[in-house]
Amino acid sequence: MAHITQTVVQKAEITDKIYYIWDDQITGFGLKVIPNGKKKFVLRYYHCAGGKNAIQRFYLFGESSFMTAQIAREKAAELLLRVKNGEDPQERKIEYRECETLEDFWNNYFIQFYVPKHRNPEKYLKNNKTFWENDIKPKLGQKKLLDLTAKDFEALHIAKANTPYSANRMLALASVLCKLLRKERGLSISVEGIEHYHEEARQRILTDKEMDSLKAELIMAMDRGKDMIYTVSAIKVILMTTARKNEILTGKWSNLDWERKILFQPESKTGWKPIYLNDTAIKILKQLYERPERELNDYIFKGKGYKSHLKSIKTAWGTILKNAGIDDYRIHDLRHQGASICVENGESLYIVSKMLGHKSQRTTERYAYLSQKPIRKATELLADVVDF
């Protein structure tokens, strides 16, 4: 035995066999000298602080090439105290070595068990995969779950401060992952205390002049390709029904009730939903129904080939807006446009809420200021009559 110092470590000779030098002050603290030239600090202890059936453990916790003898002595004393308190450092080391990474958890649990529980698993995964692939996986994918902290996710959130909407959606995914880690892996990690960025509510409504330009361009766009009739028709029906884009693009003939003028959508964002069709929308759909290719595809708005629906109209939409001289207007804004037209012309928020398919009327209250237009018109009428 010897008092292990830096000098003792440096002078320990390399032989053709492994041997140990044990410290004369800290019980179980030693230096393991290996034939390959490495010298490692070790703690020899008995699991559960000794006892008749206790198992002797050897716990390697540092190499002399990057840890000094003095630091090793302090570490050994700390480990010994943990052993006396019932902890097993070696078991913890094995647990850490075998611990899943966040990417392992994503693949082995999130994808295999959590995603399939959703009503529309493919859509749920698609909506979240971008934030996983672009934000979380590159920075935290290979991190051990035992090393993961809320600060890791907070750093990702801060890094996306310039895109508050995207940052908040990423944080929402992080919140789900943390919830599952608490439930399925027993980890105490939460991002609930991280404050979301403020998001400005978007409300882009076309002026009467812009609406006229859009309608004129839709007429001309019909002649730009043989399948443009499906794209233009979809755009018109979205505006005519205030339905979401995918609710229309994935609509099927088999779910269309001509008599009651309802397109049933079993897989909308809010679940089963009836989409009410006016006479103009019915006229548009009848034109598509009479096309010969209709018999080859149950989807109303045919995509490429004859087995799928129209997947994307982003490129065509961009061309239509450019030609119409309209800036900063999304396909989704057509939904708001239709709702705004209804409210401005005196329709109640309750009815508009039903048209939009909102679960709560509170979501529709963003249009409340528009409902004042008929009231203002009435007050102007009163002023004309009284004429002070």
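In short, a report on the structure. (Residues numbered from 1 in each chain as written. Predicted model: local features only at pLDDT ≥ 70, side-chain atom pairs only at ≥ 80, totals over all residues. Heavy atoms only, no water.)

### Some thoughts on the overall build of the chain
Across its full length, the chain holds 15 helices and seven strands. Put simply, the chain has 388 residues, and 40% of those count as buried. Considering only residue pairs separated by 6 or more positions, the chain has 54% of its internal contacts joining residues 24 or more positions apart. As displayed, the chain offers around 23,200 Å² of accessible surface, 51% of which is attributable to carbon and sulfur atoms. (Helix = DSSP H or I, 4+ residues; strand = E, 2+ residues; numbered from the N terminus. Buried < 20%, exposed > 50% of the residue type's maximum accessible area, 1.4 Å probe, protein only. Contact = heavy atoms within 4.5 Å. Areas by Shrake-Rupley, 256 points an atom, 1.4 Å probe, with all protein chains shown as cover.)

### Considering the environment of Ile 55
In this fold, Ile 55 is placed in the loop between strand 3 (39–46) and strand 4 (56–63). For Ile 55, a relative accessible area of 47% translates into the label partly exposed. Considered as a pair, Ile 55 and Tyr 45 are ten residues apart in the sequence and their alpha carbons are 8.4 Å apart.

### Quick look at the packing of helix 6 (residues 150–159) against helix 7 (residues 164–185)
Any two packed helices are characterised by how steeply their axes cross, that is the angle between the axes, and by the distance between the axes. Remark: helix 6 packs on helix 7, axes separated minimally by 9 Å, with the N-to-C direction vectors making an angle of 165 degrees. Between helix 6 and helix 7, the crossing angle belongs to the class labelled roughly antiparallel. Crossing handedness for the pair helix 6 and helix 7: right-handed. Contacts between helix 6 and helix 7 involve Phe 153, Leu 156 and His 157 from the former and Ala 167, Asn 168, Met 170, Leu 171, Ala 174 and Cys 178 from the latter. Looking at the contact of helix 6 with helix 7 residue by residue, the class counts come to seven nonpolar, two polar and no charged. (Axes fitted to C-alpha atoms, helices over the stretch in contact; angles between N-to-C directions. Parallel < 35°, antiparallel > 145°, perpendicular 65-115°, else oblique. Left-handed = near helix turned anticlockwise from the far one by under 90°. Nonpolar A, V, L, I, M, F, W, Y, C, P; charged D, E, K, R; others polar.)

### Thoughts on the pattern of salt bridges
Scanning all chains against the criterion turns up 20 salt bridges. Where Arg 244 meets Glu 247, a salt bridge forms, and the shortest distance between an N and an O atom there is 2.8 Å. A relative accessible area of 3% places Glu 247 in the buried class. Connected via shared salt-bridge partners are Glu 78, Arg 82 and Glu 87. (Salt bridge = Lys/Arg side-chain N within 4 Å of Asp/Glu carboxyl O.)

### Quick word on the nonpolar core
Counting 40 residues, the largest nonpolar core has Leu 214, Leu 285, Phe 301 and Leu 334 as the members making the most contacts within it. No other element matches the nine residues that helix 9 (residues 228–241) contributes to this core. In this structure, Leu 334 is in contact with Leu 214, Ile 235, Ile 238, Leu 239, Trp 317 and Tyr 329, ignoring residues within four places of it in sequence. Grouped together as the second largest cluster of nonpolar side chains are 29 residues, Phe 105, Tyr 124, Leu 145 and Leu 148 included. (Core = buried A, V, L, I, M, F, W, Y, C linked by side-chain atoms within 4.5 Å.)

### So, the packing of aromatic side chains
For the coordinates displayed, the defined rule picks out 18 aromatic pairs. The interplanar angle of 10 degrees and the centroid separation of 5.2 Å between the aromatic rings of Tyr 20 and Trp 22 together place this pair among those described as stacked. Here the aromatic rings of Phe 29 and Phe 41 are separated by 6.1 Å at their centres, their planes lie at 25 degrees, and the arrangement is stacked. In this pair, Phe 29 is assigned in strand 2 (residues 29–33) and Phe 41 in strand 3, connecting sequence segments twelve residues apart. Take Phe 29: its relative accessible area is 0%, and that puts it in the buried class. What links up through ring pairs into an aromatic cluster is the set Trp 106, Phe 110, Tyr 114, Tyr 124 and Trp 132. Over the aromatic face of Trp 22 sits the side chain of Arg 44, whose NZ or CZ is 4.0 Å from the ring centroid. Here the basic side chain of Arg 294 rests over the ring of Tyr 289, its NZ or CZ set 3.8 Å away from the ring centre. (Phe/Tyr/Trp six-rings, centres within 6.5 Å; stacked < 30°, edge-to-face > 60°. Lys NZ or Arg CZ within 6 Å of the ring centre and 35° of its normal.)

### Re the sheet that holds strand 3
The strand order across the open sheet formed by four strands is 1-2-3-4, and the pairing between neighbours is antiparallel. Looking along the sheet, the strands with just one partner apiece sit at the ends: strand 1 (19–22) and strand 4. Across the sheet, the mean angle separating the axes of adjacent strands is 35 degrees when strand polarity is ignored. Relative to strand 3, strand 2 runs antiparallel, the two sharing five bridges. By the bridge assignment, Gly 30 is partnered in strand 3 with Val 42. Packing against the sheet, helix 2 (residues 69–84) makes contact with strand 2, strand 3 and strand 4, and its axis sits at approximately 20 degrees to strand 3. (Pairing = 2+ DSSP bridges.)

### Topic: the environment of Ile 189
Topologically, Ile 189 is positioned in the loop between helix 7 and helix 8 (208–221). In sequence terms Ile 189 and Leu 177 are twelve residues apart; their C-alpha atoms lie 9.6 Å from each other. Ile 189 has contacts with Leu 148, Thr 149, Ala 150, Phe 153, Cys 178, Leu 181 and Arg 182, leaving out every residue within four places of it along the chain.

### Some details on helix 6
Turning to helix 6, its buried residues number three or more, namely Asp 152, Phe 153, Leu 156 and His 157. Taken around the axis of helix 6, the buried residues stretch over an arc of 140 degrees, which confines them to a single face. Turned more than 90 degrees from where helix 6 packs its buried face, Lys 151, Ile 158 and Ala 159 sit exposed. Elements that come into contact with the buried residues of helix 6 comprise helix 4 (102–114), helix 5 (121–140) and helix 7. (Arc of directions from axis to C-beta.)

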